[in-house]
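# Per-entry structural report
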Amino acid sequence: MEGITEGVNNMNLAGDSQKKNRIQVSNTKKPLFFYVNLAKRYMQEHNDVELSALGMAISTVVTIAEILKNSGFAVEKKIMTSTVDIKDGARGRPVQKPKIEITLGKSEKFDELMAAANEEKEAAEAQVQS
């Protein structure tokens, strides 16, 4: 496990991986809709978001992207796949892991949908308070 963590940390040191709009998704650490909502916030700030995952978390990234696209918030800009070498902690030898990066941009209706969602949230909060 230490080798995987070390590999991920080393990936973070690469030049372009210091992007402010990148979300590195794990399929064990946070619930799915945490990432969906975080991606919406990143798109508000940066106009696009890059979702990145290794190994078993790839299906989670694809699901997040599909939720955002199907609900009208995002459009697909780029999908990139590759493999990265990560040291296996138990054996110390390099293991290849699949990697995916999906870049999503704001849809034309993004701001309209976000405003409607905020109005619904405020109405629900007002109803709870009364």
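Up top is the structure these notes are about.
Keep in mind that this is a model prediction, so the values were computed, not measured.

On to the packing of aromatic side chains, then. The full count for this structure, using the stated rule, is 2 aromatic pairs. Aromatic pair Phe34 and Tyr35: ring centres 5.3 Å apart, planes at 80 degrees, arrangement edge-to-face. Under the relative-accessibility criterion, Tyr35 is labelled buried at 5%. Note that Lys30 overlies the ring of Phe34, its terminal NZ or CZ placed 5.1 Å from the centroid. The positively charged end of Lys40 is found above the aromatic ring belonging to Phe73, 4.2 Å away from the centroid.

Let us look at the sheet that holds strand 3 (residues 74-87). Read from one edge to the other, the open sheet built from 4 strands follows the order 1-2-4-3, with strand pairing classed as mixed. Across the chains shown, the open sheet's two edge strands, defined by having one partner strand only, are strand 1 (22-24) and strand 3. Ignoring which end each strand starts from, the neighbouring axes of this sheet average 20 degrees apart. Of the strands in this sheet, strand 1, strand 2 (48-54), strand 3 and strand 4 (94-106) touch helix 2 (residues 32-46), which is tilted by about 140 degrees from strand 2.

Tallied over the entire structure, the rule returns 7 salt bridges. Among the salt bridges present, the one from Glu66 reaches Lys69, with a minimum N-O distance of 2.9 Å. Taken together, the residues span about one helical turn, with Glu66 and Lys69 both in helix 3 (residues 58-70) at a distance of 3 residues. Overall, the relative accessible area of 32% leaves Glu66 in the partly exposed class. Overall, Lys69 belongs to the partly exposed group, its relative accessible area being 25%. Here the residues in one salt-bridge network are Arg22, Glu50, Lys99 and Glu101, joined through shared partners.

What counts, and at which threshold
- Residues numbered from 1 in each chain as written.
- Predicted model: local features only at pLDDT ≥ 70, side-chain atom pairs only at ≥ 80, totals over all residues.
- Heavy atoms only, no water.
- Phe/Tyr/Trp six-rings, centres within 6.5 Å; stacked < 30°, edge-to-face > 60°.
- Buried < 20%, exposed > 50% of the residue type's maximum accessible area, 1.4 Å probe, protein only.
- Lys NZ or Arg CZ within 6 Å of the ring centre and 35° of its normal.
- Pairing = 2+ DSSP bridges.
- Helix = DSSP H or I, 4+ residues; strand = E, 2+ residues; numbered from the N terminus.
- Axes fitted to C-alpha atoms, helices over the stretch in contact; angles between N-to-C directions.
- Contact = heavy atoms within 4.5 Å.
- Salt bridge = Lys/Arg side-chain N within 4 Å of Asp/Glu carboxyl O.

Function-wise, these values are silent; they only describe arrangement.
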